[in-house]
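Single-letter residue listing:
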Amino acid sequence: MRMRMSTRGWTLVLILVLVAVFALSISPAVTGQAKREVVIRAAVRADASGPDRAVNLQRAVDRLNPKLPDVTIRLQLEEAPTPGWAEETTRLMRVFAAGEGPDVYTIAHEFVGMFAKAGHALILDEMIKKYPETYNDFFPSQWTSVKHRGRIYGIPQDTEARMIYFRIDRLKQFGWSDAQIKGLPGRVEKGDFTLTDMAELAQQMKDKGLVDWGFYHRPTRGPDYYQIILAYGGKLQDEKSGKLVLDRSATLDFLRFLHDNVYKYKITPSGMTNIPWRSILGPFSAEGKIQFIMGGIWQSGEFIRDYGVTKDPVEFFTNIDWTLIPSGRKGGKPVTLSHPIIYIVSARSKEKDLAFRIVTEASSAELNAIHAVNSYHIAVRKAVTQLAAYKNHAWLNRATPLLEYATFIPNHEDFGRYDQIIYEAMQAVETNRLTPDAALQFVENQMRSQIRDQLMVVE
Amino acid sequence: MATQAPVLSVTRPVPSRPTRRRAGLILLFLGPFVLLTVVFFVIPAVLTGLLGLTDLDAAFQGQVVGLENFRGFAADPLLPRVLLNTVVYVFFTLMCFNVGMGLLLALMTTHISDRAGTVFRAIWLLPRLTPQVVYALLWLWFVDPTKYGLLNTVRGWLGLSALDLISWSPWLVIVIVNGLIGASLGMVIFSSAIKSVPEDYVRAARVDGAASLRIIRYIILPLIRWPVTFVLVYQTLALLTSYEYILLVTGGGPFYDSTVYALYVFKRAIESGDYGYGAALAFILVVVGAVAAQFYWRFLNFERMITQPRIESD
Amino acid sequence: MAGLARRARRRDAAARAAIYGALGLLSLPIVIPYLWLVAAAFSQRVSYGLLPSGFTLNNWRFLWVGNLGFVTGTAGRLPNIWQVVWNSLVLAAGTTVVVVVVATLAGYFVSRHDFRRRAAFLKGALVLQAFPGITLLVALFILLRTLNLLNSVAGVILVIAALHLPFALFVMKGFFDGIPWDIEMSALIDGASRLRAWYTVLLPQVRNGIGAIAMFAFLWGWTDYIFVLTFILRRNSWTMALYLNAVIGEYRFVDYGLMAAVGVFYMIPSLLFFLFTQKYLLQITIGGTKA
C-alpha cells in the first residue's frame, strides 16, 4: 500500500515538473523576449453601427507595440452582444461588480455620470494634456458630451447628426418643383417649415396615395425623441445645478405631436414601437413608401449595405435627402442631436497610462477615420476631416454642416430613468392608452418618485 | 394484497431509531437535494428579502433604507393595472391552454393511433423545445404590425387592412404566446394519465354503449383529477413568475398593458437598475407564491401526494 | 348486437376523422412558422421577412467562416461556433446529470421512506416552485460571486439545476410510487442492502422517469438565456443563446437567412434529444395516478 502511494506520488511530481517545464518554455523569459508583456482588457459593445470601435483598439495596439521600449501589450477584447447601450451599461456594472472590470470600455456618453459616480471611470483632464497634438485637435463642442460635474471622463469616438430623411421622388409626384424640394432644408433652417407643416404635408401625400405612411420614427428607446422636445423650445437639464429638467409645456407639445400624427393626421401607425427596424428602413429607402423618417446619418450606410440602395451618391440623393429636425414653432430654431459613443479608462485599471495610450492611438486621425468612413459617423477631430477618405465621402460631407445645431442629451446619472419614463409615455400616447395630458401627468409622477431631488419641474 | 402483510410485519416491529446508518441514508439520498436547493434557492430568496431593505443600485452601491421600498410599492400608481394584467394572464393562460388545451390535446391524441398521436404531441412540444430567443423571433415576425408580417400578409390576401395585434389586444398575445408553450406540459401529463386508465374500464363502458363523451366525462376525467390538480397548481405558480416570453415579444407594452407582475419586477430591477426596489418587489412575489401554495395544500387535497410511504417510518 | 357494434365502429371512424381534422387545424399555427424558419435558413432572399426564395447554403457560413465580419449586420468577430456549441453542450449535459442524479436519489427517498418532517419537506419543495427563480437574479449574482462561480458554466449548471429540482423531485417520486413495493421488499429479504436494492432493483424500474426528466433538464440547460446572459461575462464561455442573440443584434432583423440558419442549428440538438427520449415522456405520472 505504502509502496503504491509513493509510486503515485512520484508520478505526480513528474507531471508537475513536466507542466512547469512546459509553462516555462512558453513564457517570454525563456524565449528570450526582453519586453514585459502587459495584458490590457477591453470591453466593447458589439454594435452593428460601429464595429470599428472594437477593431480600432486592436489596430492601436498593433501600432503602439513597436514604439514601446520595455513592454508588449496584448489586448484581450470582449465584444458583448447587448441589445442597446442602456443594457450594455448594466452589463458593464455587473462585470465591475464581479471584479472583472476591463481597463478600457465603450459607453454611450449619457451614462458617464453613472460610471463616474461608481468609481469605474478615470478622470482624464490631466492625461489629456500629455497628448496635445491629439486632443487639441478635437472639436471643442465634443468635450461637453464627456464631462460630468465639470470633469472629463471619456474620449468621444464618433458623433453623428440626426435628421429627418425624406423622399424626393414622392414630393415630385406630389407636384413640388425641383426648386421647392431643394429649398426645403433651407426653409427648415429659417424656421419657415415647422413640425406641423411637415405633418400636414405628409398627410396630404398619404391621402393622395403616394406613400403608405407619412412619418416614421425609431421603434425603440433612443435619443431621437428629445429632438422634438427641444424643437418645441424645451430644456432637459439645468446648467447651473446640473439637475434634470421636466419642461412641462414642451413635453406636452411633444406628446401632442405624436398623438396627432397617429390620430389627427394619420401619418404614423399606432403600433410604431412594435415595428421591426427592417420594416421601417427597407420600405423607406428601397421602396419609397414612407415620406419622412426621423433617423441618423449612419442609417444611410444601412440603406446601402442592407437594403440594396445605390452606393452612387448622385443617384442616392436624387431620391433621398434630409433636413434638420424642424422647429415646433414658426421662426424657431431647427434641431439635431449628437450622441457620441466614448472610450472610458477604468479608474480601477492597473495600467491606466498604457490603457490611455491605446485610447489616444485609437483616436489618431487615421484610425478614427476608418471608423467614421465605414460606419457613416461624423468625425470628432479636425484632422480626420482633412483625410481624403473622409473628404470624398459624400454623405459625411453633406451631414457635417448640420452639427452647427448639435445638442446633447444630459450626462446625468439618472438620465436612464428619465429616458425610460419618456419612452413609456410616448408609447402610451401613440397607442391611445393615455391622452397627452394624462401622459404628462404620468411622466411627472414617475419622475418625481424615481428621480426625486435631482429633478426640476418647469412650466 | 395478501403478500403484503407478512412483509409489513418484517419491518414494522423494528422501532426505527435515528441510528447512524439511517442518518447516513438520509444524507446520501436527500443530502444533495437539500444542499443544492438551500444554497441556490433558499439562501438567494432570503438574500432577496434582505436586499429589499436597501436601495442597492445598478452600480451595486446602496444603503439600508428599511421598509422604504415597500412603502413605495404601496403607493405605486401602476400597480393596479399590473395586478389586473397578472390575474387575467395567469387565469386565461391556465384555463385556455395549460389545462384546457392540454386536456383537449391529450384526449384527442390518445384517441387516435399511437403513431399519429405521437406526431401531434411532438408538434405541440416544438415551442417548448425551441430556444426562447428563436421562439420570440418567430412571434415578432408573426405580429409585425406592418403589412410585411405573417398575420397581415394573410389579412392582405383576405382584403383586410394591416392590424397591430399587440396594440389591438395585448392580453390575447401574451396568453397565446405562453399558452402554446404551456399546453404541452399538461398534454404530456394528461396523456400519460389517460393511457394508464385501465383499458377494461373503457372497454366495459363501450360495450355498454356509452358514447365517447360520456366515457370521458364519467370514467377518464375522474381518474385524472389528480394530474389536473397538479398541473393547475404547478402552472399557476410557474405562470405567476414567468415573464421572459412577454419581455421578448411585447416588452410589456403598449404602455403597461401587457406588463405582468414578474415582468414589472424585472423592469424595475434590471432595466431601471433599482436592485433594491426590485428585490422588494420580488420578495412580495415570493410571499404570494408561498401563500398560494398553502391555499392549494389545504383546499385541493394535496395530502394525497404525501400519502404515507410503505416501508418505514420514524 | 352486431349492428350496434357496426354503428359504433362507424361512429368511431367519423369521430376519429373529426379528431384528425381538429388536431390538424389546431397545429397549423405552430407548423407554419417552423416551416418558414427552415425555408428561410436555406433561402437567398426573404423579402421583408416573408417569402423565401432561391436555394442557398450561404446562410450556414457561420459553421465554416471564422469571422463573419459586419456584412452580417453584427459587429466584429463572433467566437468560434464550435467553442460555443461545446459550452452549450457542457451546460446542458451538466444540468442533466445533476438533475437526474439528485432528483432520483431524493425522489426514491420521499417515495419510500418516512422521516421526521417529511410532510414539511414536501410542502417546502412545493412552495419552492412558487419562488420566482428569475427574480432572484441579483441575489444569485451576488451569491455566485461569493462562491467564485461567476463566468463558469458550472455555476450556471448548479443554479438552473437547483431551480428545477423540486419539479424533477415530484416527477421521480411519481415513478417510484408506481413501483409495486413488494419488488423492493423481496430484494431486501434476500439480504440486499437498501442501497443495493435501490441500485439494482428500483432504478431499472424508473428508467422512463429518468428519461423524462433528463429530457427536461437537457432543455433547461440548452435553451437558457437569462441566466447565461447574467452570469457569463466572458466571450469564451458563450453559449448558443448568446451567439444567436449576437446575430440578431438589436433586433434589427437584417440578415433573415443567417438568423434563421443559426436558429435552426440551435434547435437541432434539442430535437435530437427529444427524439431519443420522447417515448419516456408519456410515462410521467405525478404524485401517483396509479396509486
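This structure is a prediction, so every number in the text was calculated from the model and none was measured. (Residues numbered from 1 in each chain as written. Chains lettered and ligands numbered in written order. Predicted model: local features only at pLDDT ≥ 70, side-chain atom pairs only at ≥ 80, totals over all residues.)

J.: I'm lost on the overall build of chain B in this one. Help?
T.: The helix and strand inventory of chain B stands at 15 helices and zero strands. Going through the 314 residues of chain B one by one, you find that 49% of them count as buried. (Helix = DSSP H or I, 4+ residues; strand = E, 2+ residues; numbered from the N terminus. Buried ≥ 20, exposed ≤ 12 C-beta atoms within 10 Å, placed from the backbone.)

J.: Would you explain the overall build of chain C in this entry?
T.: The secondary structure content of chain C amounts to eleven helices and two strands. Reading chain C from its N end, one meets helices and strands in the order α-β-β-α-α-α-α-α-α-α-α-α-α. For chain C, the share of sequence-separated contacts (at least 6 apart) that also reach a separation of at least 24 residues comes to 76%. (Contact = placed C-beta atoms within 7 Å.)

J.: What am I meant to see in helix α13 (residues 278–285) of chain A here?
T.: Quick reminder: α-helices carry 3.6 residues per turn. Residues three or four places apart thus point the same way. Residue and element names in this part refer to chain A. Of all eight residues in α13, eight are buried; the element is thus mostly enclosed. Every buried residue of α13 is accounted for by Arg 278, Ser 279, Ile 280, Leu 281, Gly 282, Pro 283, Phe 284 and Ser 285. Each element contacted by the buried residues of α13 is listed here: β7 (162–167), β8 (213–216), β10 (290–296), α14 (298–307) and β11 (320–323).

J.: Whenever I open this one, the packing of helix α5 (residues 153–177) of chain C against helix α8 (residues 207–223) of chain C confuses me. Can you help?
T.: Two quantities define a packed helix pair, namely the angle between the helix axes and the distance between the axes. All names here are of chain C. Where α5 contacts α8, the axes come no closer than 10 Å and their chain directions differ by 155 degrees. Looking at the two axes, α5 sits roughly antiparallel to α8. Crossing geometry of α5 relative to α8 is assigned as right-handed. Residues Ile 157, Ile 160, His 164, Ala 168, Val 171, Met 172 and Phe 175 of α5 form the contact with α8, whose participating residues are Asn 208, Gly 209, Ala 212, Ile 213, Ala 217, Trp 220 and Gly 221. Considering only residue class, the contact of α5 with α8 consists of ten nonpolar, four polar and no charged. (Axes fitted to C-alpha atoms, helices over the stretch in contact; angles between N-to-C directions. Parallel < 35°, antiparallel > 145°, perpendicular 65-115°, else oblique. Left-handed = near helix turned anticlockwise from the far one by under 90°. Nonpolar A, V, L, I, M, F, W, Y, C, P; charged D, E, K, R; others polar.)

J.: Would you mind going over the sheet that holds β10(A) with me for this structure?
T.: Within a beta sheet, neighbouring strands are joined by backbone hydrogen bonds and run either parallel or antiparallel to one another. Residue and element names in this part refer to chain A. Reading across the sheet, the four strands line up as β8-β10-β7-β11 and stay open at both edges, with mixed pairing between neighbours. Each end of this open sheet is capped by a strand with a single partner; those strands are β8 and β11. Within the sheet, the average angular offset between the axes of one strand and its neighbour, ignoring direction, is 20 degrees. In the sheet, β7 pairs with β11 via four bridges, with the strands oriented antiparallel. Note on β11: the bridge partner recorded for Ile 164 is Thr 323. Running over the sheet, helix α10 (residues 195–207) touches β8 and β10 and is turned about 145 degrees from β8. (Pairing = 2+ DSSP bridges.)

J.: Could you clarify how one ought to interpret the sheet that holds strand β1 (residues 36–45) of chain A in this entry?
T.: Residues and elements named next belong to chain A. Sheet architecture is open: five strands sit in the order β2-β1-β3-β13-β6, paired in mixed fashion. Either end of the sheet is taken by a strand with one partner, and the two such strands are β2 (71–80) and β6 (155–156). Looking at chain direction, strand β3 (residues 104–108) and strand β13 (residues 341–345) are connected through five bridges and run antiparallel. Pairing of Thr 106 across the sheet is with Tyr 343, part of β13.

J.: Whenever I open this one, the packing of helix α2 (residues 20–51) of chain B against helix α2 (residues 81–112) of chain C confuses me. Can you help?
T.: Closest axis-to-axis distance for the α2(B)/α2(C) pair is 7 Å, and the angle between their directions is 120 degrees. With respect to each other, α2(B) and α2(C) are oriented oblique. As α2(B) runs across α2(C), the sense of the crossing is left-handed. Together, Phe29(B), Leu30(B), Pro32(B), Phe33(B) and Leu36(B) of α2(B) and Val102(C), Leu105(C), Ala106(C), Tyr108(C) and Phe109(C) of α2(C) make up the contact between the two elements.

J.: Help me understand helix α11 (residues 224–231) of chain A in this model?
T.: Residues and elements named next belong to chain A. With seven of eight residues buried, α11 is to be regarded as a mostly interior element. Buried residues of α11: Tyr 225, Tyr 226, Gln 227, Ile 228, Ile 229, Leu 230 and Ala 231, and no others. Gly 233 lies just past α11 and shows a positive phi near 80 degrees.

J.: Please explain the confidence of the model for chain C as it appears in this structure.
T.: Keep in mind that low pLDDT regions are not for reading the predicted coordinates in detail. Residues and elements named next belong to chain C. Per-residue confidence for chain C gives a mean pLDDT of 81, with 84% of residues at or over 70. Mean pLDDT per element in chain C: strand β1 (residues 43–47) is the minimum at 74, and α2 is the maximum at 93. Below pLDDT 50 for its whole length, residues 70–75 participates in 25 contacts with residues either more than four positions away or in separate chains. Every residue in residues 287–291 is under pLDDT 50, and counting partners more than four places away or in other chains gives 19 contacts. Interface predicted TM-score (ipTM) for the complex: 0.83; the corresponding pTM is 0.83. (pLDDT = per-residue confidence, 0-100.)

J.: I'm lost on unusual backbone geometry in this one. Help?
T.: Negative phi values dominate among residues other than glycine, just as trans dominates among peptide bonds. Between Gly253(B) and Pro254(B) the backbone carries a cis peptide bond, its omega angle lying at 0 degrees. Relative to the assigned elements, Pro254(B) resides in the loop between α13 (244–249) and α14 (261–271). We note that Lys266(A) has phi near 55 degrees; this positive angle belongs to a residue other than glycine. As for its placement among the helices and strands, Lys266(A) is situated in the loop between α12 (248–263) and α13. With 17 C-beta atoms packed within 10 Å, Lys266(A) lands in the partly exposed category. At Phe60(B), a position not held by glycine, the phi torsion is positive, near 60 degrees. Along the polypeptide, Phe60(B) turns up in the loop between α2 and α3 (68–74).

J.: Sorry, what's going on with the confidence of the model for chain B here?
T.: Residues and elements named next belong to chain B. Per-residue pLDDT for chain B has a mean of 82; in total, 89% of the residues score no lower than 70. Ranking the elements of chain B by mean pLDDT puts helix α1 (residues 4–11) last, at 35, and helix α4 (residues 79–111) first, at 93. Ignoring residues within four places in sequence, the model shows residues 1–16, a span with pLDDT below 50, making ten contacts including any to other chains.

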